[in-house]
Number of protein chains: 2
Amino acid sequence: MAAIFRVNMSDLSVSREETGEIYRHLGGRALTSAIVADEVPPNCHPLSAENRLVLAPGLLTGTGAPCSGRLSAGAKSPLTHTIKEANSGGMAAIHLSLCGVQAIVVTGQPAPGKLYRLIVTPKGIAIEPADDLARMGNYDTVARQYERFGNKVSCMSIGPAGEMRLSAATIAVTDIEGRPTRHCGRGGLGAVMGSKGIKVIVVDPTDGQRPRPVDGVQFKQGVERFNTALMGHPLSGEALPKFGTNALANVLNAAGGYPTRNFRQGTFEGVEPISGEHQHDVIVERGGKIAHACHRGCTIRCSRIYVDENGQYVTKGPEYETVWAHGANCGIDDLDAIARMDRIDDDLGLDTIETGATIAVAMEAGVIPFGDAEGAIRLLEEVRQGTALGRLIGSGAEVVGKAYGQVRVPVVKGQAIPAYDPRAVQGIGVTYATSTQGADHTAGYAVCQNVLGVGGTVDPLSPQSQAELSRNLQIATTAIDATGLCLFVAFAVLDDPTTMQGICEMLGGYLGREMTADEFLAFGRKTLARERAFNAAAGFTPADDRLPGFFQTEKLPPHNITFQVTDEQLDTVLADLD
Amino acid sequence: MAAIFRVNMSDLSVSREETGEIYRHLGGRALTSAIVADEVPPNCHPLSAENRLVLAPGLLTGTGAPCSGRLSAGAKSPLTHTIKEANSGGMAAIHLSLCGVQAIVVTGQPAPGKLYRLIVTPKGIAIEPADDLARMGNYDTVARQYERFGNKVSCMSIGPAGEMRLSAATIAVTDIEGRPTRHCGRGGLGAVMGSKGIKVIVVDPTDGQRPRPVDGVQFKQGVERFNTALMGHPLSGEALPKFGTNALANVLNAAGGYPTRNFRQGTFEGVEPISGEHQHDVIVERGGKIAHACHRGCTIRCSRIYVDENGQYVTKGPEYETVWAHGANCGIDDLDAIARMDRIDDDLGLDTIETGATIAVAMEAGVIPFGDAEGAIRLLEEVRQGTALGRLIGSGAEVVGKAYGQVRVPVVKGQAIPAYDPRAVQGIGVTYATSTQGADHTAGYAVCQNVLGVGGTVDPLSPQSQAELSRNLQIATTAIDATGLCLFVAFAVLDDPTTMQGICEMLGGYLGREMTADEFLAFGRKTLARERAFNAAAGFTPADDRLPGFFQTEKLPPHNITFQVTDEQLDTVLADLD
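Residues numbered from 1 in each chain as written. Chains lettered and ligands numbered in written order. Predicted model: local features only at pLDDT ≥ 70, side-chain atom pairs only at ≥ 80, totals over all residues.

Caption draft 1: Quick look at the pairing of strand β7 (residues 116-121) of chain A. Residues and elements named next belong to chain A. Judged by how many residues are buried, β7 sits mostly within the fold: five of six residues are covered. Pairing of β7 with strand β8 (residues 124-129) involves six bridges; the strand directions are antiparallel. What sits directly across from Thr121, in β8, is Gly124. Counting the residues between successive antiparallel strands, the hairpin from β7 to β8 contains two residues. Note: β7 against strand β12 (residues 198-203), five bridges, orientation parallel. Each residue of the ladder has a partner; that of Tyr116, found in β12, is Ile198. (Buried ≥ 20, exposed ≤ 12 C-beta atoms within 10 Å, placed from the backbone. Helix = DSSP H or I, 4+ residues; strand = E, 2+ residues; numbered from the N terminus. Pairing = 2+ DSSP bridges.)

Here it is, written out as structure tokens:
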């Protein structure tokens, strides 16, 4: 039976707790948010000893359910000051599950400047000094671990950004090939890990056991039904494996919602050379890899391996949001330069969305011109060096906006708005404004109905019914984030009712009881309500559930439209969750 | 009759409005806060065209009432994101009053990079381009104005910090000698002026008229009673003229409440060479000036002229808070170095409190060591150059704390805590936490009763009765801030009932009606309630009325005490003002 492990970094002790009633059958975001809400003082400084870092595989992670390898990390965020859950693919969550870990709860804080390694095995968790890894990039950091622990392990690590406790710092998670390419990206959870003095967590699942479904027959039936639905959907079955997430570049550009040069336009004249279609051709031509899975058991395989002109590995993907953040949003149309930035971000442990948005604000302020790819790369190297400018860039768009006296700073609750302009895709704007997590497209991906025609169709330029749409998506997403399932299962969920049936059978089979879709969604509602209560106690109010003013005053070409959803509509979105 | 002048910086137009009923008989903070609360969207970006900058002399300013020359500046603050009033001595308020200006309300925003000069005379307000003043320090800026407009004028100006729209930027106000040594210091109002493209406001009172009391006899009787009380009090009559505000250094050090090295200790081993007593001797020996008035009609004369070893002018004061911020709080005991920093701050237009506190956080982060005076001066020169590090320093302690991943960041609502440790002076901690302005000692100076034995005696180490004390002080202070009277009249107000009688006679005589102390305090309550309502609409809650966590967890030597006032007590302080 999986247990909760507490790692106290003040006295370097570890304890194992059998899961009590309140946390039983919670996984992923449901578990991280419950523990953070129960244990972290809402008013604490996110980098203080009072904060907790909670790492939890999803409820289905490790069971063999398809696409169920997500790792949730939770804490009070140094970027948003809200409760935060950021989840990642890669192999660590599956390995944690095999080691019998329901969650790792990191408390306390060691002496300043000390670095440690945690080693997780089915026997428990050990803590070792790791000062020799100081200021090392994620690539070198994990390479050293594979040298010592062999290639069966996985790693969660921080780069220099996390060590510097920068607000855009990630927790990197190794992929199937053992590269630190997957990230709990948003909200600076790498800075929280850095504040706990943990450089890397190595998970060695040797001799570990898969969690077994109580009702194997029901579970297996669910797996088949679920996977058939995934593979039958045009997005998860065809477009994502072939073109990856960056298939969206041309789609959003055509919709006029592809934010360009710090959200000044909704279309980018240089979209073609950075589009998913072009990316596909480049990768195939150079001998890279498309249809790559970031963890075992992923049947969608949206990832890719990007190589240079000599066929040498550069980075994974890069993903749609990364290509947008370092590309269109900075006026950059050079896919190779973007891939280099993705590689540097992964190595430093920086959220690509926050970092690209931050560089765009710096461009707006005149630090470097829009379109200057080499200048943008130099800014990233400043982060590595820990210069004042680098620390600014690593602290996110809001801080750079403040230091440079800028008004056009696209953030909600301190977190950068991602790759869909809320004026041309009003539904996603509702999610940005109201999410418990700060601006986050994954919190309630209304792009589906607004642009993709998945799950129905809603006029993206109209405020009509966007609040209800976002609410329903946020509830369902929160439920999915508890299971360890990748959010990309949602396309099939929205279009094909057998998908949800499959999920309920997998969950029901695993737990050995009936599970209805309503029960499943109730999970989501309860978790969201917990998160909202934490945020309210931390001082958040409806006044924080707003987009920056310029989205209401500046018309976005080509539709020449502002964000139209009213404050009153926004205030209904997550009301009455209990 | 004085009028409200609206200056629209979007179309460079000026209009004059007769004062309507709602703003009649409002001055200073009462007027700036009323206009900001009525006209500024609480959620707007403080540097956007939607913000207003309101400049208003006090109600008694220009009447000849002693010590009544304060200028109030109001806006939504880019530092605290609250409503903000910061007031200053100097000559500008008196001159505005002579020109018939009840308030200047600056709206809109010109094209980026454009700079303007306003010229205020009894005939009205003119706007001129002033691009030739770009990036000029306040000293050179005002010298150019005196060259052109003669030495009868006064100036309100911003330095490079305000032009860069940095959150610690001030509005400088010239003193009797025409030097830019007085400041609307706190909350970054210089950045708001910079965002409006106004480099300098020249006020030429030639042919202006003093506002006349309706009942001259009552007014004159009040003036005499009031001034007799001021001069009879040991602080305003003796200590302040002789030793200046820095008389407090030894007093706070003896009380164990003199924050040292970023609030790590309550006593500074190097206090003697930076004390007011030593400062007095240095100034007298070198041929500087003590008992200097910052504006005509000041009878307290707490300012001084600080000169170097050759008797050459360096700066005014420096004041207690400045000596603390750049001195003890940074572990620096060199008064000449501190005076140079004060001069640079005045020239750049930086709040000395915020800037010293920021440098101390940078020292905590290891940017330079504690005690490094030359390093601190170099940091200020980085601000002048507009480097990334300089922009960080000019953005205040919270931003530097974020960029350097620091937990011990002494701010409330984003504004640095000033020169009295809230653990050793618990009453002032209540004011820091609950003020509508962010951490601000002048908002309710409980140091009086906690340390100075003025207005009674309260145990500074006990939470007992501190909430009520702070409430009463905050109400009275807000009323005083409406009159244009310097806050240093409060010592006599607290100890000698004839002082308040004199104030009421001056106000009553000026307005031509009876004025009671209760009516006077009602002014304060009403203004505070307006400010609280603005902040609530901007998203502030009781969770924001808290000190940083380390004041509750770290014991301050030598008393080895934490901040003891409970959250529940804090929540009573400004409840039920209406």
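Here the narrative resumes, following the displayed structure.
Caption draft 2: Examining unusual backbone geometry more closely. Cis geometry marks the peptide bond from Pro557 of chain A to Pro558 of chain A, where omega comes out at 5 degrees. Note that Pro558 of chain A resides in the loop between α22 (550-553) and α23 (567-572). Gly317 of chain B connects to Pro318 of chain B through a cis peptide bond whose omega is -15 degrees. Assignment of secondary structure puts Pro318 of chain B in the loop between β15 (313-316) and α10 (320-326). A positive phi angle is found at Cys67 of chain A, which is not glycine, with a value near 60 degrees. On the secondary structure map, Cys67 of chain A appears in the loop between β3 (53-57) and β4 (71-76). Residue classification places Cys67 of chain A among the buried residues on the basis of 27 C-beta atoms within 10 Å. With phi around 50 degrees, Ala291 of chain B is a residue other than glycine that occupies positive phi space. Mapped onto the fold, Ala291 of chain B is located in strand β13 (residues 289-292).

Caption draft 3: Quick peek at the sheet that holds β3 of chain A. All names here are of chain A. Read from one edge to the other, the open sheet built from six strands follows the order β2-β1-β6-β3-β4-β5, with strand pairing classed as mixed. The sheet terminates laterally at β2 (13-18) and β5 (83-88), the two strands that pair on one side only. Geometrically, the sheet is characterised by an average inter-axis angle of 20 degrees between neighbouring strands, direction not taken into account. (Axes fitted to C-alpha atoms, helices over the stretch in contact; angles between N-to-C directions.)

Caption draft 4: Expanded view of the relation of the copies chain B and chain A. Between chain B and chain A, the superposition needs a rotation of 180 degrees and an axial shift of 0.0 Å, giving an RMSD of 0.0 Å. Given the turn and translation reported, the copies of this chain are related as if by a two-fold rotation axis. Residue Ala388 of chain B of chain B places its C-alpha closer to the rotation axis than any other residue of that unit, at 2.9 Å. Most of the interface of chain B is mirrored in chain A, where 100% of its interface residues are also at the interface. (Least-squares fit on C-alpha atoms with pLDDT ≥ 70 in both. Contact = placed C-beta atoms within 7 Å.)

Caption draft 5: A look at the sheet that holds strand β14 (residues 303-307) of chain A. Residues and elements named next belong to chain A. With antiparallel pairing, three strands are arranged side by side in an open sheet as β13-β14-β15. Edge strands, defined here as strands with exactly one partner in the open sheet, are β13 (289-292) and β15 (313-316). Strand-to-strand twist of the sheet, defined as the mean angle between neighbouring strand axes without regard to direction, takes the value 20 degrees. Note that β13 and β14 share two bridges and pair antiparallel. Looking across to β14, one finds that His292 is bridged to Ser303.

Caption draft 6: Region of interest: the interface of chain B and chain A. Listed by partner, the interface residues are 31 residues for chain B and 31 residues for chain A. For the side of chain B that touches chain A, the elements supplying multiple residues, two or more each, are α14 (388-394) and α15 (397-403) of chain B. Considering each element in turn, the side of chain B that touches chain A owes the most residues, four residues, to α14 of chain B. Grouping the constituent residues of the side of chain B that touches chain A by class yields 16 nonpolar, nine polar and six charged. (Nonpolar A, V, L, I, M, F, W, Y, C, P; charged D, E, K, R; others polar.)

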